[in-house]
Amino acid sequence: MKGFSKEEKSWIFYDWANSAYSIIITTAVFPLFYKAAATNAGVSAANSTAYLGYTIAIATFILAMISPILGTIADYQGFKKKFFTFFFILGVSATGLLAFIPSDQWLLLLICYTIATVGSAGANVFYDAFLVDVSNEKRMNRVSAFGFGLGYIGSTIPFIISIAIIILSQIELLPFSTTIASKIAFLITALWWLLFTIPLLKNVHQFHYIEREAKLVVNSFKRLGKTIIEIKKYRPLFLFLLAYFFYIDGVGTIISMSTAYGTDLGIGSTDLLIILFVTQVVAAPFAILYGRLAEKFTEKNMLYVGIIIYIIVCIYAYFLETTIDFWILAMLVASSQGGIQALSRSYYAKLVPKKNANEFFGFYNIFGKFASIMGPLLVGFTAQMTGNSKMGVFSLVILFIVGIMALLFVPKPNEISLKEVAEVGKGL
């Protein structure tokens, strides 16, 4: 962590804190826990996967609706931290609550998961926007990438503990069931998330903001309307969001539904947990590597690399048959998932007017969230129609192709004139 300021370190540590949720709740333990609950209730594998996809779509739709509005209000002095704290507490509380829901109540599990997802994703809207407050344009790639890298490393600690508890309970070396072990994992996640968010709450503050004014809510809606108009005029920003809409859809869908997909293919829960753990370990250095390579080859070129790897992932997933195939697939994902997310975040942060960062990151997240609605729905619908989860994953190829085509027309940040940036900021 040498070379980073106190504010940058505190911001980075939130990735360390929240990534436990991403791996344990979004990707690994909860999907397995839910799939077991749904199976025991007589729900077919294809339908339970579809219901999980629909749940993710509902949660992301809620965020898509409120993110731009809250982001616009949060640009006023003193609001960014308040909104971040609200969603952070909502996410931590719902995650902890998962441990107290009866394991046979699969529908109630999905409802609580929806609330936790809204909390986690909502906090990330304002966390991402804080990047412009803790760092400058020259350092953003490295800070953002280091955040993802440290997040992967940090998430392995509670994940290892959770895996150990679950496996030891499976072989009856611990005096409780696998169900109880999974619930303990949910509590570990909530506590980890809570503890390591403290540095951000203490040391990160809103540096870029708009002064408060009368009729704050009314004026926020007016500013939001102006932003919608201006964002269309600001061609580089609009084109990037269009590209991001498509390629991040595929990334998010693969992350959130990989475990359910592996389960449908007959891969055992223990194998899945081990594979996901190794994926986290491998992803950490690759996320940092993407940040360093971006300084040499540009963010845009490295985004091309990441998208192409994901296209290969989708094609390979269609032919996947064995556990070894799933290992190969996971390592391909590990090589690019952190890098593509980190560079997207820093690339966008360089394009937006700094004092309107929350507002523009609200749109960044609404594009990402609406995309995340489309992906899971596509996978869920295809799985139900064909009775084959492979077809759903394969269909994601088109999203990456459209994304990379749109990205071709996005100029690099250093190719955009300062006058153009200033005019957009002035219009807001």
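Residues numbered from 1 in each chain as written. Predicted model: local features only at pLDDT ≥ 70, side-chain atom pairs only at ≥ 80, totals over all residues. Heavy atoms only, no water.

### Overview of the packing of helix α4 (residues 80–97) against helix α5 (residues 106–129)
To characterise two packed helices, one gives the angle between the axes of the helices and the distance between these axes.
Phase 1 of the analysis: At their nearest, the axes of α4 and α5 sit 7 Å apart, and the two run at 150° to each other. Classified by the angle between their axes, α4 and α5 sit roughly antiparallel to one another. At the point where α4 passes α5, the crossing takes the left-handed sense. Residues K80, F83, F84, F87, F88, L90, G91, A94, T95 and L97 of α4 form the contact with α5, whose own contacting residues are C112, I115, A116, V118, G119, S120, G122, A123, F126, Y127 and A129.
Phase 2 of the analysis: Here the contact of α4 with α5 is composed, by residue class, of 15 nonpolar, five polar and one charged. (Axes fitted to C-alpha atoms, helices over the stretch in contact; angles between N-to-C directions. Helix = DSSP H or I, 4+ residues; strand = E, 2+ residues; numbered from the N terminus. Parallel < 35°, antiparallel > 145°, perpendicular 65-115°, else oblique. Left-handed = near helix turned anticlockwise from the far one by under 90°. Contact = heavy atoms within 4.5 Å. Nonpolar A, V, L, I, M, F, W, Y, C, P; charged D, E, K, R; others polar.)

### Overview of the confidence of the model for the chain
Phase 1 of the analysis: Here the chain shows a mean pLDDT of 80. Residues at 70 or above account for 82%.
Phase 2 of the analysis: Taken element by element, the chain is modelled with least confidence in helix α19 (residues 418–427), mean pLDDT 45, and with most confidence in helix α8 (residues 178–195), mean pLDDT 94. (pLDDT = per-residue confidence, 0-100.)

### Remarks on the environment of K183
Phase 1 of the analysis: By the element assignment, K183 lies in helix α8.
Phase 2 of the analysis: Note on K183: relative accessible area 15%, which makes it buried.
Phase 3 of the analysis: Between the C-alpha atoms of K183 and S162, which are 21 residues apart in sequence, the distance is 9.5 Å.
Phase 4 of the analysis: What K183 contacts, discounting residues up to four positions off in sequence, is F33, A99, I101, P102 and S103.
Phase 5 of the analysis: At 3.2 Å, the side chain of K183 forms a polar contact with the backbone oxygen of I101. (Buried < 20%, exposed > 50% of the residue type's maximum accessible area, 1.4 Å probe, protein only. Polar contact = N/O pair within 3.5 Å; in protein donor to acceptor, adjacent residues only side chain to side chain.)

### What about the pattern of salt bridges?
Phase 1 of the analysis: Scanning all chains against the criterion turns up five salt bridges.
Phase 2 of the analysis: Between D15 and R345 there is a salt bridge, with its nearest N and O atoms 3.4 Å apart. Of the two residues, D15 sits in helix α1 (residues 6–27) while R345 sits in helix α15 (residues 337–351), which places them 330 residues apart along the sequence. Comparing D15 with R345, the two get one shared label, buried.
Phase 3 of the analysis: The closest approach of N and O atoms between E295 and R142, which form a salt bridge, is 3.0 Å. With E295 in helix α12 (residues 269–297) and R142 in helix α7 (residues 140–170), the pair connects residues that are 153 residues apart, well separated along the chain.
Phase 4 of the analysis: Overall, the relative accessible area of 42% leaves E295 in the partly exposed class.
Phase 5 of the analysis: On the accessibility criterion, R142 (34% relative accessible area) is partly exposed.
Phase 6 of the analysis: The structure contains a network of salt bridges with shared partners spanning D15, D128 and R345. (Salt bridge = Lys/Arg side-chain N within 4 Å of Asp/Glu carboxyl O.)

### Description of α4
Phase 1 of the analysis: For α4, with 18 residues, the first-to-last C-alpha span of 26 Å sits near the 26 Å given by 1.5 Å per residue.
Phase 2 of the analysis: Turning to α4, its buried residues number three or more, namely K80, K81, F83, F84, F87, F88, G91, V92, A94, T95 and G96. (Expected span 1.5 Å × (residues − 1).)

### Some thoughts on the packing of α12 against helix α14 (residues 323–334)
Phase 1 of the analysis: Between α12 and α14, the shortest axis-to-axis distance is 8 Å and the interhelical angle comes to 25°. Our classification of the angle between α12 and α14 gives roughly parallel. Of the two elements, α12 crosses α14, and the hand of that crossing is right-handed. Counted together, D271, L272, I274, I275, V278, T279, V282, A283 and F286 of α12 and T323, F326, W327, A330, M331 and A334 of α14 form the full contact between these two elements.
Phase 2 of the analysis: Residue composition of the contact of α12 with α14, by class: twelve nonpolar, two polar and one charged.

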